[in-house]
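Chain by chain, the residues:
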2 protein chains.
Amino acid sequence: MRAAFFHGKDTPLTLKEIENSSNLAKDHVYIRLKNAAINHHELWMMKEQSESMPGGVILGSDGSGIIEAAQAEDDQYLIGKEVVINPSVGWGNNPAVQAHSFSILGYPAHGTFSDYISISKKQVFEKPEHLSFEEAAAVPLAGLTAYRALFTKARLRKGEKVLITGIGGGVALWAMQFALAFEARVFVTSGSQEKLEKALAMGASGTFNYKDENWVDKITKEAGGFDVIIDSAGGPQFNALLEMAYPGARVVIYGRTAGMIPDISPKTLFWKQLSLFGTTMGTTDEFLSMLDFVHKHQLKPIIDSTFPLDNINDAFNKMDEGKQFGKIVLSIS
Amino acid sequence: MRAAFFHGKDTPLTLKEIENSSNLAKDHVYIRLKNAAINHHELWMMKEQSESMPGGVILGSDGSGIIEAAQAEDDQYLIGKEVVINPSVGWGNNPAVQAHSFSILGYPAHGTFSDYISISKKQVFEKPEHLSFEEAAAVPLAGLTAYRALFTKARLRKGEKVLITGIGGGVALWAMQFALAFEARVFVTSGSQEKLEKALAMGASGTFNYKDENWVDKITKEAGGFDVIIDSAGGPQFNALLEMAYPGARVVIYGRTAGMIPDISPKTLFWKQLSLFGTTMGTTDEFLSMLDFVHKHQLKPIIDSTFPLDNINDAFNKMDEGKQFGKIVLSIS
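Quick caveat, the model's predicted, so the values are computed rather than measured.

Novice: Can you help me understand the overall build of chain A in this one?
Specialist: Helix and strand counts for chain A stand at ten helices and 18 strands. Rg of the C-alpha trace for chain A: 20 Å, near the compact-globule value of 20 Å for 333 residues, within the 12% margin. Along the three orthogonal principal directions, the C-alpha set of chain A runs to about 60 × 40 × 40 Å. Here chain A holds 333 residues, and the buried ones make up 50% of them. Of all intrachain contacts in chain A linking residues separated by at least 6 positions in sequence, the fraction that spans at least 24 positions is 69%.

Okay, here's the thing in structure tokens:
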């Protein structure tokens, strides 16, 4: 089978032919992967991960496929099931925060950039039937992160005004689709006019280009303020987000594309009674609720483009340019 | 009657003799004040308030006294009641955040630095019977702020580890007393060894002097980390607090004695699933719950010192020096 190995930072992934597993660990299933999807955290790892990995690791958190084998006698009925993988591994018992045992599928455990994966059946869920394998692979990590951000952390209520920054990213787009399905009003930011137009076509109530000099004034004028803000960036503009927040607003951050946040005003925080939540991934319960929500509202992911597994480095180059609108998916089999 | 008027920033308060009110507004009561207490927000106002106030305003948020008159026919039974005043005026209907109508007693409405106050009966509550007037005046603003921070915002649970910064301030001390009564473990910081020793005598499990060069290492070594952090300061040390927070911790900020917060790491926020809450004052329900809590646990405020109303500027000078441990109270009648 083919697998894309990561050997340390600043080197491209290496596609290798390796032997299929013949022994499955306890309660594991063996999945022939149909599709995978790439995520920012893999790109961060490829830029920052300095730990040495003599044998290399197969990256990849998102995947969909068909179960071809199951270790346990009682699990043989799973064979042939069309599934999607929960990339949140070893969360633990506290819904508020992941345990020390937590990891994201793909490091240190081998991930989905491969023809096959052997994984605990606890990580595997039925593919929502209205989605193709390609679409299903675009759901897990981004959908889970967006779901926890919007519902568990911000506790979004119907009719509220939501600002989502950096529209075009996988989490931002799921957050937008979830919020719209939940009957909230969604406003978005981006540095790309093209992305803003696409978001408008999807149902955004207003769009703002943060490269405009007076985008903050423009938002305040046109939107007034926001009950909920979902931010992927941090950085110097974060403080502007706090100014746009309505009193009592909830601000959720799940990314760091713009780096450290300088100069937060305590007075803004306490006088406006703001709540700031950091969030990443989610629990198994949240993963299930998210799949239910996607199915109930018949939501389909926005897919930017699909690359064959053999061209995985092209897929990451595209992500690094930041021009994608939606998930970048890999076609495996 | 005497009253201490504020006429604009950088001027001391002026004690004047004015006429007693003869007409009470609808549903108001007339209280002969026994004690008041001073608060940091008055000090901020005396340093920063640039709005002009031709007639001046009587500052003062905290007060206790005896009702001498009531406007409504049905309220005559209130006469003679020993009461404490809720300084949270016009909070509105949303418990999450104060309405635009909100103000803190003492500006723009005349406050408690006076022999008498005329105030809506909705702001007035029975003095907890185990407290003297002097003690009761040290409860309202600080107790309400601490109660909301610890219970409504951080949702403290029994047995959790709480870090309270700047011990010695009114809110910090109430937060410590409430947390101890709630069977949490309390750790405190201060720049004063004397204050730390007093906190230790009150039941703190550990104390840390933030003037020590390696106080952060010391905390990490001795306390491990914290479930809840209650901060009065902001400023450059705030980021260190986030590092000391356990994953899933709740960090509440209610003050700004150290100014703007530089350099918050989004990765720390999201990977540790931190929650940050700004908070100030509270609702009428919270005020009542706080009084109940104080009564149930028979808590008494820590009073640093008591000044006669005539020497109110000395009281503020003492606060400005930052050497107090506990509330600075005014004795009125």
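Novice: Can you help me understand the sheet that holds strand β1 (residues 2-6) of chain B in this one?
Specialist: Strand pairing in a sheet takes place through backbone hydrogen bonds and is either antiparallel or parallel in direction. Residues and elements named next belong to chain B. With antiparallel pairing, the three strands of this open sheet are ordered in space as β2-β1-β4. Of all strands in the sheet, those with a lone pairing partner are β2 (14-17) and β4 (57-58), marking the two edges. Strand direction decides the pairing type here: β1 and β2, joined by four bridges, are antiparallel. In the sheet register, alanine 3 faces β2, and the bridge partner there is lysine 16.

Novice: So what exactly am I meant to see when it comes to the relation of the copies chain A and chain B here?
Specialist: Between the two chain copies there is a screw-like relation: a rotation about an axis and a shift along it. At an RMSD of 0.0 Å, chain A and chain B line up after a rotation of 180 degrees and a shift of 0.0 Å along the axis. Look at the turn and shift together and you get a two-fold axis relating the two. Here 100% of the interface residues in chain A have copies in chain B that are interface residues too; the copies meet face to matching face.

Novice: Would you mind showing me how to read the packing of helix α3 (residues 140-153) of chain A against helix α9 (residues 284-296) of chain A here?
Specialist: For any two helices packed against each other, one specifies the inter-axial angle together with the distance between the axes. All names here are of chain A. For the pair α3 and α9, interaxial distance at closest approach is 9 Å and the crossing angle is 95 degrees. With respect to their mutual orientation, α3 and α9 come out roughly perpendicular. Residues Gly143, Leu144, Tyr147, Arg148 and Thr152 of α3 form the contact with α9, whose own contacting residues are Glu286, Phe287, Ser289, Met290, Phe293 and Val294. In terms of residue class, the contact of α3 with α9 is built from six nonpolar, three polar and two charged.

Novice: Which parts of the structure should I look at to understand the sheet that holds strand β15 (residues 245-253) of chain B?
Specialist: In space, the twelve strands of this open sheet follow the order β13(A)-β12(A)-β11(A)-β14(A)-β15(A)-β16(A)-β16(B)-β15(B)-β14(B)-β11(B)-β12(B)-β13(B), with mixed pairing throughout. Pairing within the sheet leaves two strands with one partner each, and these edge strands are β13 (206-209) of chain A together with β13 (206-209) of chain B. Taking each pair of neighbouring strands and ignoring which way they run, the sheet shows an average axis angle of 15 degrees. For strand β12 (residues 185-190) of chain B and β13 of chain B, the ladder comprises four bridges, and the chain directions are parallel. Following the sheet pairing, phenylalanine 187 of chain B is matched in β13 of chain B by glycine 206 of chain B.

Novice: Honestly, the interface of chain A and chain B in this entry has me stumped. Any pointers?
Specialist: Interface size is commonly expressed as the accessible area that is lost once the parts come together. Counting residues at the interface gives 30 residues for chain A and 30 residues for chain B. Listed by contribution, the elements that provide at least two residues to the side of chain A that touches chain B are β15 (245-253), α8 (266-271) and β16 (275-278) of chain A. At five residues, the largest contribution of residues to the side of chain A that touches chain B is made by α8 of chain A. Grouping the constituent residues of the side of chain A that touches chain B by class yields 16 nonpolar, ten polar and four charged.

Novice: Could you clarify how one ought to interpret the domain arrangement of chain A in this entry?
Specialist: Residues and elements named next belong to chain A. Here chain A is described as being made up of domain 1 (2-139 + 301-331) and domain 2 (143-278). The C-alpha-based centres of domain 1 and domain 2 are spaced at 29 Å. If you look at the interface, domain 1 gives eight residues, while domain 2 gives eight residues. Of the residues belonging to the side of domain 1 that touches domain 2, the class tally is three nonpolar, four polar and one charged.

Novice: Looking at this structure, I do not really get helix α3 (residues 140-153) of chain B. What am I missing?
Specialist: Given 3.6 residues per helical turn, the α-helix brings residues three or four places apart onto the same face. Residue and element names in this part refer to chain B. When the terminal C-alpha atoms of α3 are compared, their 18 Å separation across 14 residues agrees well with the 20 Å that a helix rising 1.5 Å per residue should span. Regarding α3, the residues found buried are Pro140, Leu141, Ala142, Gly143, Leu144, Thr145, Ala146, Tyr147, Arg148, Ala149, Leu150 and Lys153. Two residues or fewer after α3 comes arginine 155, characterised by a positive phi angle close to 45 degrees.

Novice: Just to check I follow, could you spell out the packing of α3 of chain A against helix α4 (residues 170-181) of chain A for this structure?
Specialist: Residue and element names in this part refer to chain A. In contact at an axis separation of 8 Å, α3 and α4 are set at 55 degrees when each is read in the N-to-C sense. The pairing of α3 with α4 is recorded here as oblique in orientation. Here α3 runs over α4; the crossing is right-handed. Along the contact surface, α3 presents Ala142, Gly143, Thr145, Ala146, Tyr147, Ala149 and Leu150, while α4 presents Gly170, Val171, Trp174, Ala175, Phe178 and Ala179. For the contact of α3 with α4, the residue count by class is ten nonpolar, three polar and no charged.

Novice: Looking at this structure, I do not really get unusual backbone geometry. What am I missing?
Specialist: Excluding glycine, most residues fall at negative phi; most peptide bonds, likewise, are trans. Residue proline 108 of chain A follows tyrosine 107 of chain A across a cis peptide bond; omega there is 0 degrees. Phi angles above zero are rare outside glycine, and aspartate 263 of chain B is one such case at about 55 degrees. Note that aspartate 263 of chain B resides in the loop between β15 and α8 (266-271). Among the residues examined, aspartate 263 of chain B registers 13 C-beta atoms within 10 Å and is labelled partly exposed. Its identity as a non-glycine residue notwithstanding, methionine 281 of chain B has a phi of 50 degrees, on the positive side. Looking at the element boundaries, methionine 281 of chain B is found in the loop between β16 (275-278) and α9 (284-296).

Basis of the calculations
- Residues numbered from 1 in each chain as written.
- Chains lettered and ligands numbered in written order.
- Predicted model: local features only at pLDDT ≥ 70, side-chain atom pairs only at ≥ 80, totals over all residues.
- Helix = DSSP H or I, 4+ residues; strand = E, 2+ residues; numbered from the N terminus.
- Rg over C-alpha atoms; globule rule 2.2 N^0.38 Å.
- Buried ≥ 20, exposed ≤ 12 C-beta atoms within 10 Å, placed from the backbone.
- Contact = placed C-beta atoms within 7 Å.
- Pairing = 2+ DSSP bridges.
- Least-squares fit on C-alpha atoms with pLDDT ≥ 70 in both.
- Axes fitted to C-alpha atoms, helices over the stretch in contact; angles between N-to-C directions.
- Parallel < 35°, antiparallel > 145°, perpendicular 65-115°, else oblique.
- Nonpolar A, V, L, I, M, F, W, Y, C, P; charged D, E, K, R; others polar.
- Domains from an automatic or database assignment.
- Expected span 1.5 Å × (residues − 1).
- Left-handed = near helix turned anticlockwise from the far one by under 90°.

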